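What follows is each chain in one-letter form.
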Amino acid sequence: MTATANRGQIPATLIPGDGIGPEIAGSVTAVLEALGAPFVWDVQQGGLAGIETAGDPLPSALLDSIRRTRLALKGPLTTPIGGGYRSVNVRLREEFHLYANVRPARTLIPGGRYEDIDLVLIRENLEGLYVAFEHYIPVGDDPKAVAFSSGVNTKAGARRILEFAFDYALRNGRRKVTVVHKANVLKALTGIFLDAAREVAPLYEGRVAMDDRIVDACAMQLVLNPWQFDVIVTTNLFGDILSDEAAGLVGGLGMAPGANIGAGAAIFEAVHGSAPDIAGKGIANPTALLLAAGLMLEHVGRVDLAQHLHAVIGEVLNLDKIRTGDLGGTATTKDFAQAIMRRLAGG
Ligand code: NAD
């Protein structure tokens with residue numbers, strides 16, 4: 001934990017982001033104010049907005065702000081395709097050594113395809129194939145005849161995320177960590193992850209159980225019987241894919257928050273992207289970013305406010321039945337936020 005838990009004000013960076021980002025971020029900050037959250041925002045532009053204002057999707061003012069606050073709530077950032085830009089999200093994670101990506105998937109709306117889902121996917125955030133050391137090899141007159149990508153996993157990086165996952169399980173009263181890999185085929189790249197897990201798990205024996213799955217089997221079992229999972233820990237690319245699958249179990253991307261945690265900083269965000277297809281229409285679901293703000297409140301020690309926020313979101317969705325279009329409703333982003341604020345005001 002990097003931020004101090006106290007009843008005073010906590011400086012934090014707010015990056016509204018691109019596409020639907022500003023629409024949902026505006027609603028989320030209004031809700032947080034009504035909740036009495038302790039954050040004092042330093043608003044910074046990134047992504048396409050950063051390119052427009054500072055010529056860089058990650059302007060130095062944004063990075064300086066997070067260096068100062070060590071805490072950020074971030075809307076989705078668009079990485080321009082082409083133009084030589086690396087993923088802004090990957091750059092942010094690297095810049096602040098945010099090695100753990102925590103993505104809880106909990107059922108908030110009963111009566112969906114799956115009931116009572118409550119699992120947490122923990123994704124290694126800095127290594128693996130996702131670092132994208134990539135190039136093409138030309139053959140004849142085709143400059144892109146062969147594509148080449150190297151993944152890098154280290155024993156130290158694997159141990160760090162595995163220890164994080166087991167500690168997370170202990171702190172949050174969870175009983176089992178499932179280690180997901182592809183060690184039967186990628187024997188070095190993901191075998192090292194499984195080897196590290198077999199070194200780390202005995203340190204938690206009797207307190208947290210461990211089992212392991214091959215990623216393809218895990219993907220199928222998440223659909224057939226997701227209740228068998230408690231905490232899942234896996235490498236970067238597998239975590240990217242499985243966390244979207246887990247979001248699908250609880251109503252889709254509009255419902256899935258994420259936390260990027262490092263030793264010196266933490267950045268909270270929705271799992272979804274900038275949703276260019278619905279940007280500017282005012283219909284995006286702000287729940288994922290609201291739940292991310294809830295994780296941020298827990299991170300700074302305000303579990304009371306996080307629980308209150310979670311409860312009120314559930315009431316608006318299930319008692320008031322106010323839902324955005326992705327959940328089959330007709331509410332706008334603002335309608336949804338206003339319904340939450342009415343509940344917070346006791347109305
Ligand atoms: P996306 O998550 O933006 O959208 C996928 C689908 O889900 C779309 O149909 C969209 O309308 C819907 N959706 C997403 N969030 C929603 C919400 N809150 N409410 C209702 N519907 C929602 O994925 P994409 O289209 O593949 O990516 C668009 C851009 O976002 C790309 O530039 C990508 O690089 C970026 N991206 C950023 C992040 C991030 O900042 N963490 C994550 C993923 C993608």
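Rules behind the numbers
- Residues numbered from 1 in each chain as written.
- Predicted model: local features only at pLDDT ≥ 70, side-chain atom pairs only at ≥ 80, totals over all residues.
- Heavy atoms only, no water.
- Pairing = 2+ DSSP bridges.
- Helix = DSSP H or I, 4+ residues; strand = E, 2+ residues; numbered from the N terminus.
- Right-handed = clockwise from strand over helix to strand, strands pointing away.
- Expected span 1.5 Å × (residues − 1).
- Buried < 20%, exposed > 50% of the residue type's maximum accessible area, 1.4 Å probe, protein only.
- Contact = heavy atoms within 4.5 Å.
- 1 Å grid on protein atoms, 1.4 Å probe; cavity = no way out; pocket = protein on both sides within 12 Å on 5 of 7 lines; lining within 4 Å.
- Points joined across faces, edges and corners; volume = space filled by probe spheres on them.
- Nonpolar A, V, L, I, M, F, W, Y, C, P; charged D, E, K, R; others polar.

Description of the pairing of strand β2 (residues 39-43)
Inspection of the sheet shows strand β1 (residues 10-15) paired to β2 by five bridges, in the parallel sense. Across the sheet, residue I10 finds its bridge partner in β2, namely F39. As for the winding sense of the linkage, the β-α-β connection from β1 through helix α1 (residues 21-35) to β2 is right-handed.

Considerations on helix α10 (residues 303-318)
An α-helix turns once per 3.6 residues; consequently, residues spaced three or four apart project the same way. Relative to the 22 Å expected for 16 residues at 1.5 Å per residue, α10 spans 22 Å between its end C-alpha atoms, a close match to the ideal helical length. Looking at α10, one finds that the buried residues are L305, A306, L309, V312, I313, G314, V316, L317 and N318. Residues of α10 that are buried sit in contact with α1, α9 (287-299) and α11 (333-344).

Regarding the environment of T287
You can see T287 is positioned in helix α9. Overall, T287 belongs to the buried group, its relative accessible area being 0%. C-alpha of T287 to C-alpha of R171: the two residues are 116 residues apart in sequence and 25 Å apart in space. Setting aside its immediate chain neighbours within four residues, T287 contacts L108, G254, M255, I313 and F336.

Considering the layout of surface pockets
The volume enclosed by the largest pocket comes to roughly 870 Å³. In terms of lining residues, the largest pocket is bounded by 37 residues, among which P104, Y168, N172, L295 and E298 are the most central. Elements with a contribution of two residues or more to the lining of the largest pocket: β4 (100-106), β5 (118-124), α5 (155-171), β11 (257-261), α9 and α10. In terms of residue class, the lining of the largest pocket is made up of 23 nonpolar, eight polar and six charged. One number sums up the size of the second largest pocket: a volume of about 390 Å³. Of all the elements in the fold, those that place two or more residues in the lining of the second largest pocket are α4 (88-95), α8 (236-249) and β12 (266-270). At three residues, the largest contribution of residues to the lining of the second largest pocket is made by α4. Of the residues that constitute the lining of the second largest pocket, the class distribution is seven nonpolar, six polar and seven charged.

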